Amino acid sequence: MNAVDAVNAWAEAADLAGAFLLLLGCFQSLLGVIGMLRFPDVLSRSHAATKPQTLGLLLVLAGVALRLRDGIDLGTLALIAFFQFLTGPVASHLVARSAYRTGQTGSRGLLRDDLDPQLSDEDGR
Amino acid sequence: MSNLFRDRSPYSWSLRVGTGRRVLDLPLIAWLTVIWNLLWGTLSWGNLVNGVLVAVAVCLAFPLPAVDLGLRLRPLGILRLGAYLLYDMFSSSVQVTRQIFADDPYHAAVVAVPLRSRSDLMLTATAVAVSNVPGGSIIEVRRATATVFLHVLDADDPGAIDSARRSVRRTEELVARAFGTAEDIARVARPAPDPEGDPSP
């Protein structure tokens, strides 16, 4: 009887922690959206558009994992995290690269730019 | 298990099929089979056999060029890299949140960070790892000089650029210790190429 109670208590605790992580993940993704609205230029917005979502998705996946608690499902969730981690940067890099090359670095300009001289050198050649 | 875990000559775990370039890369087939089984959601002998068949068929139909990636899997290093990335994601996320709700405008900057390793895999893996952490996004990578160009969100603070550069180098070191060959690790153990931080011509 005691053992069953203990198992139930653990299951409940895992459910509760999972729900908390889900909520945290959603909140993290919401922060990304607010950042999208508040940041002025493409490069800053790409910060807000990609990274908070990655962390948010990781938290949501962790929350789901705590509620599912099943071996092969955990593997599938890990696979989702792996591919999110691998593909997100490719998209964000392409956006940032084209934004920079079309001069959309914001109206206030950059405080320091190490890349511009190197690109100008190439154009001169 | 294979050369992935040790410094050994590449392709000691592959089968040559026929006379052409068709090479069956056994770690790749194992990985594809794992993905197949995870996507089906149930582990059974049928799924396992089908997975192997599909993986072999895919490898034969779309042969990859025989390139030595220089990939090694070091379990301890991978754990340390994962822990560091998780910690970094949370702590940088707090910082970015503060910038989202800041009233006064901040100034962004593009910073060049020369890396120490020269292998393509290390460069790619470092760029991907850095891109996933809030606060710095990669806008350009120079392969010839192994330099990444980082867009730093809040560069007003004089220490911000330095700390961004330090964090990229720390990530690079951990990536090399997780996935790199012995040579990569030796390169990464050297001091940073130029403390001034000016991009090398």
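Residues numbered from 1 in each chain as written. Chains lettered and ligands numbered in written order. Predicted model: local features only at pLDDT ≥ 70, side-chain atom pairs only at ≥ 80, totals over all residues.

Draft legend 1. How the structure looks around the UniProt feature "transmembrane region" (unreviewed entry) in chain A. All names here are of chain A. Listed under "transmembrane region" (unreviewed entry) in the UniProt record, and renumbered for this structure, are residues 16-37 and 74-96. The span residues 16-37 carries 100% helix and 0% strand; its end-to-end C-alpha distance comes to 32 Å. Counted over residues 74-96, helix gives 100% and strand 0%. Its end C-alpha atoms are 33 Å apart. (UniProt positions renumbered as here; feature names shortened; annotations may be inferred. Helix = DSSP H or I, 4+ residues; strand = E, 2+ residues; numbered from the N terminus.)

Draft legend 2. Main features of the pairing of strand β4 (residues 136-142) of chain B. All names here are of chain B. Of all the 7 residues making up β4, 5 are buried; the element is thus mostly covered by neighbouring parts of the structure. Pairing between β4 and strand β5 (residues 147-152): 6 bridges, direction antiparallel. Each bridged residue has a counterpart across the sheet, and for Val141 the counterpart in β5 is Val148. Turn length for the β4-β5 hairpin, with the two strands adjacent in sequence and antiparallel, is 4 residues, and the turn residue Ala146 shows positive phi of about 50 degrees. (Buried ≥ 20, exposed ≤ 12 C-beta atoms within 10 Å, placed from the backbone. Pairing = 2+ DSSP bridges.)

Draft legend 3. Summary view of the domain arrangement of chain B. Considered domain by domain, chain B is made up of domain 1 (14-61) and domain 2 (75-188). Computed over C-alpha atoms only, the centres of domain 1 of chain B and domain 2 of chain B are separated by 34 Å. (Domains from an automatic or database assignment.)

Draft legend 4. Spatial organisation of the sheet that holds β4(B). Ordered in space as β1(A)-β3(B)-β5(B)-β4(B), the 4 strands form an open sheet in which the pairing is mixed. Of all the strands in the sheet, just β1 (110-113) of chain A together with β4 of chain B have a single pairing partner and so form its edges. Averaged over neighbouring strand pairs, the angle between their axes works out to 25 degrees when direction is ignored. With 6 bridges connecting them, strand β3 (residues 108-114) of chain B and β5(B) associate as antiparallel partners. Within β5(B), the residue paired with Val110(B) across the bridge is His151(B). (Axes fitted to C-alpha atoms, helices over the stretch in contact; angles between N-to-C directions.)

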